[in-house]
Amino acid sequence: AISVTGKNHTVNEDSFVDATHPDSQDIKLLVVADGMGGHEAGDLASKMVCEKIFKWFINQDVNNLENSKWLYNSIAKMIKEVSTDIWVELELKRHLDSGSTLALAIINSNHTITANVGDSRIGIIKDGNLEIISIDDSPLVKGDRPLTPTEQDLLRVMPGNNYITQSMGDCVVNPHMNAVRNSEYSDIFLFSDGI
């Protein structure tokens, strides 16, 4: 995992988790959370996202985590609860304008279940090529499909369109979910929008 503050920032608003479940070396958790720049506590929001997801992960029974259908449904529910918890803590209690993106993957023996909120991306290497399997929450995204590389580049530079439509820390979020058989790819990458 690599995270740098960057040229124009004084605070690193990225957080990440790279963990193996304490009861099984076969179950991995990967998380990238990118605090929203220009807001009061992006670094705090991304840290809270990672801490809450990690705590949820290590408290799960290995048999449940190996059940891909249960895992898929439980991740979506957990993400919604974490986002609401952050909204309550930062917005309602502390009156802070804050939020974070999320890219998450849990890898069990057979499947990789991914979820994203915002514009942090998830990509897999499939047949030697990088394939983006996440969906950006942006006004430029039409439909539930990953953007092409050209569309991704445009998303970053089109004035007035390079904002996200949901983030962790919103009262209600709807994560984009995906399930991939481990045999279908060779590598997985989770990126913040700095890449």
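My aim in this report is to walk through the structure given alongside it, one point at a time. (Residues numbered from 1 in each chain as written. Predicted model: local features only at pLDDT ≥ 70, side-chain atom pairs only at ≥ 80, totals over all residues. Heavy atoms only, no water.)

Topic: the overall build of the chain
Then step 1. The helix and strand inventory of the chain stands at 4 helices and 8 strands.
Then step 2. Mapped from its N terminus to its C terminus, the chain presents α and β elements in the order β-β-α-α-α-β-β-β-β-α-β-β.
Then step 3. If you take every contact in the chain between residues at least 6 apart in sequence, the share linking residues at least 24 apart comes to 65%.
Then step 4. As presented, the chain carries roughly 10200 Å² of accessible surface, and 49% of it is formed by carbon and sulfur atoms. (Helix = DSSP H or I, 4+ residues; strand = E, 2+ residues; numbered from the N terminus. Contact = heavy atoms within 4.5 Å. Areas by Shrake-Rupley, 256 points an atom, 1.4 Å probe, with all protein chains shown as cover.)

Remarks on the pattern of salt bridges
One side chain can pair with another of opposite charge once the charged atoms of both are near each other.
Then step 1. Within this structure, the stated rule accounts for 4 salt bridges.
Then step 2. Glu-89 is the partner of Arg-94 in a salt bridge, and the nearest nitrogen-oxygen pair spans 2.9 Å.
Then step 3. Overall, the relative accessible area of 42% leaves Arg-94 in the partly exposed class. (Salt bridge = Lys/Arg side-chain N within 4 Å of Asp/Glu carboxyl O. Buried < 20%, exposed > 50% of the residue type's maximum accessible area, 1.4 Å probe, protein only.)

Observations regarding the side chain of Asp-136
Then step 1. Within the element layout of this structure, Asp-136 appears in the loop between strand 6 (129-132) and helix 4 (149-157).
Then step 2. Side chain to side chain, Asp-136 and Arg-121 meet in a polar contact 2.5 Å long. (Polar contact = N/O pair within 3.5 Å; in protein donor to acceptor, adjacent residues only side chain to side chain.)

Things to note about the sheet that holds strand 5 (residues 121-126)
Then step 1. Read from one edge to the other, the open sheet built from 3 strands follows the order 6-5-8, with strand pairing classed as antiparallel. Only two strands of the sheet have a single neighbouring strand rather than two, namely strand 6 and strand 8 (187-191). Neighbour to neighbour, the strand axes of the sheet diverge by 25 degrees on average, direction disregarded.
Then step 2. Pairing of strand 5 with strand 6, which is carried by 4 bridges, proceeds in the antiparallel orientation. Note that in strand 6 the partner of Ile-124 across the bridge is Glu-131. (Pairing = 2+ DSSP bridges. Axes fitted to C-alpha atoms, helices over the stretch in contact; angles between N-to-C directions.)

Focus on the nonpolar core
Then step 1. Counting residues in each nonpolar core, the largest one holds 30 residues, and the members touching the most others are Ile-53, Ile-75, Ile-79, Leu-102, Leu-104 and Ile-106.
Then step 2. Among the elements of the structure, strand 1 (14-20), strand 2 (28-34), helix 1 (42-58), helix 2 (62-66), helix 3 (68-93), strand 3 (102-107) and strand 4 (111-117) are those that each provide at least two residues to this core.
Then step 3. Excluding residues that lie within four positions of it along the chain, Ile-106 makes contacts with Ile-27, Lys-28, Leu-29, Trp-56, Phe-57, Leu-71, Ile-75, His-111, Thr-112 and Ile-113.
Then step 4. Ranked by size, the runner-up nonpolar core spans 12 residues in total, among them Val-32, Ile-124, Tyr-185 and Leu-190. (Core = buried A, V, L, I, M, F, W, Y, C linked by side-chain atoms within 4.5 Å.)

Regarding helix 1
Then step 1. Taking 1.5 Å per residue as the helical rise, helix 1 with its 17 residues ought to reach 24 Å, and the 25 Å between its terminal C-alpha atoms agrees with that figure.
Then step 2. On its buried face, helix 1 is in contact with strand 1, strand 2, helix 2, helix 3 and strand 3. (Expected span 1.5 Å × (residues − 1).)

Considerations on the pairing of strand 5
Then step 1. Buried residues dominate strand 5, accounting for 5 of its 6 residues.
Then step 2. A loop of 2 residues connects strand 5 with strand 6, the two strands running antiparallel in sequence, and Asp-127 in this loop sits at a positive phi of about 55 degrees.

A short note on the sheet that holds strand 4
Backbone hydrogen bonds hold the strands of a sheet together, and the pairing may be parallel or antiparallel.
Then step 1. Read from one edge of the open sheet, 5 strands run 1-2-3-4-7, paired in antiparallel fashion. This sheet does not close on itself; its edge strands, each paired only once, are strand 1 and strand 7 (176-181). Between one strand axis and the next, the sheet turns by 10 degrees as a mean value, whatever way the strands run.
Then step 2. Alignment of strand 1 against strand 2, held across 7 bridges, turns out to be antiparallel. Counted as the bridge partner of Val-17 is Val-31 from strand 2.

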